[in-house]
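Now for the letters of each chain:
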Amino acid sequence: LESPYSTVITDRNGVILQVISTGKGERREYISIKEMPEISKNIFIFNEDKRFYYHFGVDPIALFRAVYLNLSRKTVLSGASTITMQLSRIINPQEKNIGGKLKEIFNAMRIEAKLSKNQILELYLNSIPFGFNAVGVETASKTFFGKRFVNLTPEELLVLSIIPRSPAKYNPLTSKEESAKLALRTKKNLKINLKDSEIINSINYAKGYDYEYKAQHFVNFTKDKIRLKNEKTITTSLDLKLNEYVQTRMQKHIEGYKENRLTNGAVIVFDNYTGEILSYLGSKDFFDKIYGGEIDGVQVLNQPGSTLKPFLYALAIEKYNFLPSTVLPDVISNFGDERVYIPKNFNNLYNGPVRLRVALASSLNVPAVHTVVRLGVRNFIETLIDLDFESIANSQKKGFGAGIAVGNAEVSLYELTRAFCVFVRDGKKITLTPLKQSKREFVEGKKIFSDYTSFVISDILSDQKSRTLGFGQTTIFDTPFQSIFKTGTSNQFNNLWALGANRDYTVGVWMGNFSGETVIGASGSSIPLLLCVEILKTLNKNKKMKRFPIPKGIKKELICSLSGKTITPNCSGGIYEYFRENEIIEKCNFHVFENSKVKILLPPIYSSFLKKIENSDFIYSDLKKGVEFLYPNNNALYFFDPAINPEEQAVFFEIFSKSKKDAIDIFVNGDFYKTIVFPFNFYFPLKRGKYEISAISSGHKDEINIEVK
């Protein structure tokens, strides 16, 4: 049987990335008979089998001469092997005796009956063992002369043709004298004009070949993804020139933060139409052993920080009647079921009522946690699984709380970036491929989100004005074309993320340390974002700039910037927002005209926020009692951490009362604890035990239970 060929893996432009060795550790590269220069075929035929084109696998003249010589010398039958017989021996080795030789002859005749002379010669030249793990003339040419077979001079071809007789003895790299002697002897019998000096020069200047070993992480990924099956050449989707540019830029960005203990990064770039992976870097430097360069950061699981928020808000709009104008609470909050979770914003500030658009664009944590609690953690997880987050599916048993909204799970850059492009693909998932596609056509995928949801999320993530609350007046997100971005930083600053996309391309960047160490004193996700923006600009250079098309069935309406509802004469300012054509938007009820003034009314959850606003009060429609605990939740469970100073551990309580003027008495397990006044909040020190907390004011009462372990 034919032995396997090495697989030559190239980038999309035919540049060799790697030549994969066979199962035996050898390299055997294929070259077509049509590519081989005529002189190369003539030299090998003349040296090995002068009457190759005139026999049926066995050369009778050579055979009889060999029999006569061996019998006269009383030695084992040898010699007279034709090219076809040598091929037979390579394919199916036989014992070195008369019986083995007869089997070899029989197999050679079978080969001649099945294959043409050109097919036999091609197979033979691709199968000759040259030693030094080199099989076939293409690999041997590189091994001994540092160039392809088609580029060898006639003198080099002659030297190459004698090596198989004894690779160790006639290797032009290590045995120049012996190689020269045989080459000059062989040259005398050749009917071509070769100069002795040129033959000697070809041996003296022979040099080895440093085999390509480029885009190592991508090649490893490709081999795992497509499972090589003896393909001679695989043309991948990677653009090596782009990949090397991205690596150079990533190294420069990371180098600038070396003192901040930033040592590594990973990048993936792909085409949103075809799913072709154009750039894939698993680390800053594959050969960097100090910082784990061989680790593939594209596939490593890390906490994603805020990068999951777009999928959360997309689910809220898609299935739970949320709108980009829906107002969410950005106030100090805690959420407790099995464990209490107290989210904080990046800058530790709270902004009161914020519209969904602002909450997402500014990446606020508290509104995201409120949203996941309202939707249900389980429902959000199912959406992530539907978006092909295998890491989430495989770690469900660990259990996820409300913290999943701000990234307490672990995901890979590969699956995160793949999912992110769903918004610029009109809600359709993408299948990524490491192989070059024949045409650049849009590849359909399962539709996860509607056209409206996808457009609105894309519009929010490209909205510079709505980012101001979280990021300030920055130009870091600016591109000359419409593009979406999402950044994220895990809570220990050991994972810095940036995702970017326009209609054509998506870029994902992770930076951090494979050791898990935190990045210190640096501006977080702005570091990978700078690289992400730079890559997108490079990809879209000299291209026609595209905006996200507004789908059919969408209208634009002027709304109150505070309530997110239709603007009225009482509202201080309005903005335009996108809605479905059949959406009925209520009139603003946050601004009410009373006593010749506009009064601001907000729900009870904003009690601590209202103290900052003059001429304000509450909307009472949702209240069930005169006094109510807003935080924490009933039956919340807390855990005392002995490693932290006890004075720094406390539970935040917030209570609402219809009367801002009356004080509220607090009781703990039936005993009076303290009296509080508006805005009715306090901290209760953590001590292990079970507690019933009661709040009493003007005949109204509410109580909850908490436990500290």
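Rules and cut-offs
- Residues numbered from 1 in each chain as written.
- Predicted model: local features only at pLDDT ≥ 70, side-chain atom pairs only at ≥ 80, totals over all residues.
- Heavy atoms only, no water.
- Helix = DSSP H or I, 4+ residues; strand = E, 2+ residues; numbered from the N terminus.
- Rg over C-alpha atoms; globule rule 2.2 N^0.38 Å.
- Buried < 20%, exposed > 50% of the residue type's maximum accessible area, 1.4 Å probe, protein only.
- Contact = heavy atoms within 4.5 Å.
- Core = buried A, V, L, I, M, F, W, Y, C linked by side-chain atoms within 4.5 Å.
- Pairing = 2+ DSSP bridges.
- Axes fitted to C-alpha atoms, helices over the stretch in contact; angles between N-to-C directions.
- Phe/Tyr/Trp six-rings, centres within 6.5 Å; stacked < 30°, edge-to-face > 60°.
- Salt bridge = Lys/Arg side-chain N within 4 Å of Asp/Glu carboxyl O.
- Polar contact = N/O pair within 3.5 Å; in protein donor to acceptor, adjacent residues only side chain to side chain.
- Left-handed = near helix turned anticlockwise from the far one by under 90°.
- pLDDT = per-residue confidence, 0-100.
- Parallel < 35°, antiparallel > 145°, perpendicular 65-115°, else oblique.
- Nonpolar A, V, L, I, M, F, W, Y, C, P; charged D, E, K, R; others polar.
- Patch = residues over 30% accessible without salt bridge, like charges linked within 9 Å, V, L, I, M, F, W, Y side chains within 5 Å.
- Areas by Shrake-Rupley, 256 points an atom, 1.4 Å probe, with all protein chains shown as cover.
- Lys, Arg positive; Asp, Glu negative; His and termini not counted.
- Charge placed at Lys NZ, Arg CZ, Asp CG, Glu CD.
- Disulfide = S-S within 2.5 Å.

1. Considering the overall build of the protein chain
Here's step 1: Assigned secondary structure in the protein chain consists of 22 helices and 27 strands.
Here's step 2: For the protein chain, the C-alpha radius of gyration of 37 Å lies well beyond 27 Å, the compact-globule estimate for 709 residues.
Here's step 3: When its C-alpha atoms are laid out on the principal axes, the protein chain stretches across 130 × 55 × 45 Å.
Here's step 4: Here the protein chain holds 709 residues, and 54% of them are scored as buried.
Here's step 5: Taking the contacts inside the protein chain whose residues are at least 6 apart along the sequence as the reference set, 66% of them involve residues at least 24 apart.

2. Observations regarding the nonpolar core
Here's step 1: Of all hydrophobic cores here, the largest spans 80 residues; its most connected members are Ile268, Phe311, Phe380, Phe389, Ile404 and Phe423.
Here's step 2: Residue contributions to this core peak at seven residues, all from helix α13 (residues 309-319).
Here's step 3: Leu157, Leu160, Ala180 and Ala183 belong to the second largest nonpolar core, which has 41 residues in total.

3. Considering the sheet that holds strand β17 (residues 591-594)
Here's step 1: On the basis of which strands lie adjacent, the open sheet formed by three strands has the order β17-β18-β19 and mixed pairing. Edge positions in the open sheet fall to β17 and β19 (616-618), since each of these has one partner strand only. Between one strand axis and the next, the sheet turns through 40° on average, direction left out of account.
Here's step 2: Alignment of β17 against strand β18 (residues 597-602), held across four bridges, turns out to be antiparallel. Across the sheet, residue valine 592 finds its bridge partner in β18, namely lysine 599.

4. Overview of the packing of aromatic side chains
Here's step 1: Applying the stated criterion across every chain yields a total of 26 aromatic pairs.
Here's step 2: When the centroid spacing of 5.6 Å and the interplanar angle of 20° are considered together, the rings of phenylalanine 311 and phenylalanine 423 count as stacked. A residue pair is termed long-range when its members are at least 10 positions apart, and phenylalanine 311 in helix α13 and phenylalanine 423 in the loop between α18 (413-420) and α19 (451-461) qualify at 112 residues. In this pair, the class of phenylalanine 311 matches that of phenylalanine 423, namely buried.
Here's step 3: An angle of 75° between the planes, with centres 5.2 Å apart, marks the rings of phenylalanine 684 and tyrosine 691 as edge-to-face.

5. Overview of the pattern of salt bridges
Here's step 1: Per the counting criterion, the structure on display carries 28 salt bridges.
Here's step 2: Two residues, arginine 440 and aspartate 271, come together in a salt bridge whose shortest N-O distance is 2.7 Å. With arginine 440 in the loop between α18 and α19 and aspartate 271 in strand β4 (residues 264-271), this pair connects stretches of sequence that are 169 residues apart.
Here's step 3: For arginine 440, a relative accessible area of 42% corresponds to the partly exposed category.
Here's step 4: Owing to a relative accessible area of 4%, aspartate 271 belongs among the buried residues under this scheme.
Here's step 5: By sharing partners, the salt bridges in this structure join Arg357, Asp459, Asp463 and Glu577 into a single network.

6. As for the pairing of strand β24 (residues 671-676)
Here's step 1: For strand β23 (residues 664-668) and β24, the ladder comprises five bridges, and the chain directions are antiparallel. Within β24, the position partnered with valine 668 by the bridge is aspartate 671.
Here's step 2: Between the end of β23 and the start of β24, which pair antiparallel, lie two residues, with asparagine 669 showing a positive phi angle near 50°.

7. Notes on helix α20 (residues 464-471)
Here's step 1: Regarding α20, its N-cap is aspartate 463, as a side-chain oxygen of that residue lies 3.2 Å from the backbone nitrogen of lysine 465 further along.
Here's step 2: One or two residues past the end of α20 sits glycine 472, with phi positive at roughly 75°.

8. Some points on the packing of helix α1 (residues 38-48) against helix α7 (residues 154-162)
Here's step 1: Where α1 contacts α7, the axes come no closer than 10 Å and their chain directions differ by 35°. As for the relative orientation of α1 and α7, their crossing is right-handed in sense. Residue-level inspection shows Ile39, Ser40, Ile43, Phe44, Asn47 and Glu48 of α1 in contact with α7, the latter providing Pro154, Leu157, Leu158, Leu160 and Ser161.

9. Considering the sheet that holds β4
Here's step 1: Across the sheet, five strands lie side by side as β5-β4-β14-β13-β12; this open sheet has antiparallel pairing. Bordering the open sheet on either side are β5 (277-281) and β12 (484-489), each of which pairs with just one other strand. Mean inter-strand twist for the sheet, computed between neighbouring axes without regard to direction, equals 10°.
Here's step 2: In this structure, strand β13 (residues 495-501) lies alongside strand β14 (residues 505-512), joined through seven bridges in antiparallel fashion. Among the inter-strand pairings, tryptophan 497 is bridged to a residue of β14, identified as tryptophan 510.

10. Notes on the confidence of the model for the protein chain
Here's step 1: Model confidence for the protein chain is summarised by a mean pLDDT of 88, while 91% of its residues fall at 70 or above.
Here's step 2: Low pLDDT, under 50, characterises residues 336-341; the predicted model gives this stretch 21 contacts beyond four residues in sequence or across chains.

11. Side note on the environment of leucine 115
Here's step 1: With respect to the helices and strands, leucine 115 occurs in the loop between α4 (98-114) and α5 (117-125).
Here's step 2: Judged by its relative accessible area of 31%, leucine 115 is partly exposed.
Here's step 3: Residues within four places of leucine 115 in sequence aside, it is in contact with Ile120 and Leu123.

12. Focus: the packing of α13 against α19
Here's step 1: As a packed pair, α13 and α19 sit with axes 10 Å apart at the nearest point and diverge in direction by 140°. The angle between α13 and α19 falls in the class oblique. Regarding α13 and α19, the two cross each other, and that crossing is right-handed. Judged by residue contacts, Pro310, Tyr313, Ala314, Ile317 and Glu318 of α13 engage Tyr452, Thr453, Val456, Ile457 and Leu461 from α19.
Here's step 2: Of the residues belonging to the contact of α13 with α19, the class tally is eight nonpolar, one polar and one charged.

13. Digging into a positive patch on the surface
Here's step 1: Among the surface-exposed residues, Lys50, Arg165, Lys169, Arg185 and Lys188 lie close enough to one another that they form a single positively charged patch.
Here's step 2: Counting through the fold element by element, lysine 169 comes out in helix α8 (residues 167-170).

14. Here's the deal with the environment of arginine 12
Here's step 1: As for its placement among the helices and strands, arginine 12 is situated in the loop between β1 (7-10) and β2 (16-20).
Here's step 2: Remark: the alpha-carbon pair of arginine 12 and phenylalanine 579, spanning 567 residues in sequence, is separated by 42 Å.
Here's step 3: Once residues within four sequence positions are removed from consideration, arginine 12 is found in contact with Thr235, Thr236, Ser237, Leu238, Asp239, Glu276, Leu278 and Lys436.

15. Remarks on the state of the cysteines
Here, the word disulfide means a covalent bond between the sulfur atoms of two cysteines.
Here's step 1: In the structure shown here, the tally under the stated rule is zero disulfides.
Here's step 2: For cysteine 421, which is in no disulfide, the shortest distance to another cysteine sulfur is to cysteine 532 and amounts to 13 Å.

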